[in-house]
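Residue strings, one per chain:
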Amino acid sequence: DGGITQSPKYLFRKEGQNVTLSCEQNLNHDAMYWYRQDPGQGLRLIYYSQIVNDFQKGDIAEGYSVSREKKESFPLTVTSAQKNPTAFYLCASSSEGYSPLHFGNGTRLTVT
Amino acid sequence: AQSVAQPEDQVNVAEGNPLTVKCTYSVSGNPYLFWYVQYPNRGLQFLLKYITGDNLVKGSYGFEAEFNKSQTSFHLKKPSALVSDSALYFCAVRDLPNYQLIWGAGTKLIIKP
């Protein structure tokens, strides 16, 4: 089955540590996205990539970094510079234009 | 600026009754509108979209949405609610020219038996 796999489902880290969230897709989609979801705030775009080796900042990129070395993979690193990293992180992909996004099942990150 | 509003944080409906989840939008050009559903601790699932054409759009799980250009609305509807429809629903509009989605804050739909 084609889809998006995010791992791990739950992640716990101590404050000051960097952490990397995995996102893999086998849908052959060109575009990939990272969103952050907080209660009552909808989805906020962190980074997106429309092609391999290229990515753009979204609305809340500060404290995050990404890479897009392969079409299938778009890992997100939450750095120690992110002031409030505890959240639910969603990865998505789409083919092009007005195609709908396909989402992974998310990673819930807790930083204490 | 492009924006999406979901005026109700929560909607409560009895099972078997019709349901409506409201969405209004503001765009500078032609709107490209989407509805997604999210079940607890899961990703979002695409329900339906409006790009052009008929104002009534049919989607997954028996849902439909009515596009109203004069009222700048795109309300999600279902004739007969099921308990399993209980979830969080998001409306989104495509932001031109960079094609990114602008999301509403979400509406929690609770269907009571």
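Use the structure listed above.
Attention in this report is confined to the structure presented alongside it. These numbers were taken from a predicted model, which means no experiment stands behind them. (Residues numbered from 1 in each chain as written. Chains lettered and ligands numbered in written order. Predicted model: local features only at pLDDT ≥ 70, side-chain atom pairs only at ≥ 80, totals over all residues. Heavy atoms only, no water.)

**Some words on the overall build of chain A**
What chain A contains, in helices and strands, is 0 helices and 11 strands. Traced from its N-terminal end to its C-terminal end, chain A shows the element sequence β-β-β-β-β-β-β-β-β-β-β. Relative to its length of 112 residues, chain A is compact, with a C-alpha radius of gyration of 13 Å against a globular reference of 13 Å. If one aligns the C-alpha atoms of chain A with their principal axes, the spans along those axes are about 35 × 25 × 25 Å. (Helix = DSSP H or I, 4+ residues; strand = E, 2+ residues; numbered from the N terminus. Rg over C-alpha atoms; globule rule 2.2 N^0.38 Å.)

**A word on the interface of chain B and chain A**
Taken together, the contact pairs 22 residues of chain B with 22 residues of chain A. Roughly 1,800 Å² is buried in total at the junction of chain B and chain A, and carbon and sulfur atoms are behind 52% of that figure. Broken down residue by residue, the surface that chain B buries against chain A is led by Asn41(B), Gln100(B) and Trp103(B), which jointly contribute 31%. Where chain B packs against chain A, one counts 0 salt bridges. Taken together, the links from chain B to chain A amount to 8 residue pairs in polar contact (both at pLDDT 80 or more). Of all the secondary structure elements, the ones that give two or more residues to the side of chain B that touches chain A are β5 (33-38), β6 (44-50), β10 (87-95) and β11 (100-103) of chain B. Classifying every residue of the side of chain B that touches chain A by side-chain character gives 13 nonpolar, 6 polar and 3 charged. (Contact = heavy atoms within 4.5 Å. Buried area = accessible area lost by both parts, 1.4 Å probe. Salt bridge = Lys/Arg side-chain N within 4 Å of Asp/Glu carboxyl O. Polar contact = N/O pair within 3.5 Å; in protein donor to acceptor, adjacent residues only side chain to side chain. Nonpolar A, V, L, I, M, F, W, Y, C, P; charged D, E, K, R; others polar.)

**Re the nonpolar core**
By size, the foremost hydrophobic cluster in this structure holds 26 residues, and its most contacted members are Leu19(B), Trp35(B), Leu47(B), Leu48(B), Phe74(B), Leu76(B) and Tyr89(B). Those elements giving two or more residues to this core turn out to be β2 (10-14), β3 (19-21), β5, β6, β8 (64-68), β9 (73-78), β10 and β12 (107-112) of chain B. At 4 residues, the largest contribution of residues to this core is made by β10(B). Leave out the neighbours within four places in its chain, and Leu19(B) touches Val13(B), Phe63(B), Leu76(B), Lys77(B), Lys78(B), Ala81(B), Asp85(B), Leu109(B) and Ile111(B). Membership of the second largest hydrophobic core comes to 20 residues, among which are Cys23(A), Val78(A), Tyr89(A) and Cys91(A). (Core = buried A, V, L, I, M, F, W, Y, C linked by side-chain atoms within 4.5 Å. Buried < 20%, exposed > 50% of the residue type's maximum accessible area, 1.4 Å probe, protein only.)

**Re the pattern of salt bridges**
Residue and element names in this part refer to chain B. Enumeration according to the criterion identifies 6 salt bridges over all chains in this entry. Notably, a salt bridge pairs Glu64 with Lys58, separated by 2.9 Å at the nearest N-O pair. Exposure remark for Lys58: the relative accessible area of 61% places this residue in the exposed category. A salt bridge links Lys77 to Glu66; its shortest N-O distance comes to 3.0 Å.

**Some details on the packing of aromatic side chains**
Scanning all chains against the criterion turns up 16 aromatic pairs over all chains. For the ring pair Tyr50(B) and Phe74(B), a centre distance of 6.4 Å and an interplane angle of 55 degrees mean the geometry is tilted. A residue pair is termed long-range when its members are at least 10 positions apart, and Tyr50(B) in strand β6 and Phe74(B) in strand β9 qualify at 24 residues. Each member of the pair Tyr50(B) and Phe74(B) is classed as buried. Counting every residue linked through ring pairs, the aromatic cluster contains Tyr33(A), Tyr35(A), Tyr48(A), Phe103(A), Phe34(B), Tyr36(B), Phe46(B), Phe90(B) and Trp103(B). Above the ring of Phe74(A), the side-chain terminus of Arg68(A) is found at 6.0 Å from the ring centroid. (Phe/Tyr/Trp six-rings, centres within 6.5 Å; stacked < 30°, edge-to-face > 60°. Lys NZ or Arg CZ within 6 Å of the ring centre and 35° of its normal.)

**Remarks on the state of the cysteines**
Residues and elements named next belong to chain A. In this structure the tally under the stated criterion is 2 disulfides over all chains. With its sulfur 1.9 Å from that of its partner, Cys23 forms a disulfide with Cys91. Taking the sign of the torsion about the S-S bond as the criterion, the disulfide between Cys23 and Cys91, at about -75 degrees, is left-handed. A residue pair is termed long-range when its members are at least 10 positions apart, and Cys23 in strand β3 (residues 19-25) and Cys91 in strand β9 (residues 87-94) qualify at 68 residues. Assessed through its relative accessible area of 1%, Cys23 is described here as buried. Note on Cys91: relative accessible area 0%, which makes it buried. (Disulfide = S-S within 2.5 Å.)

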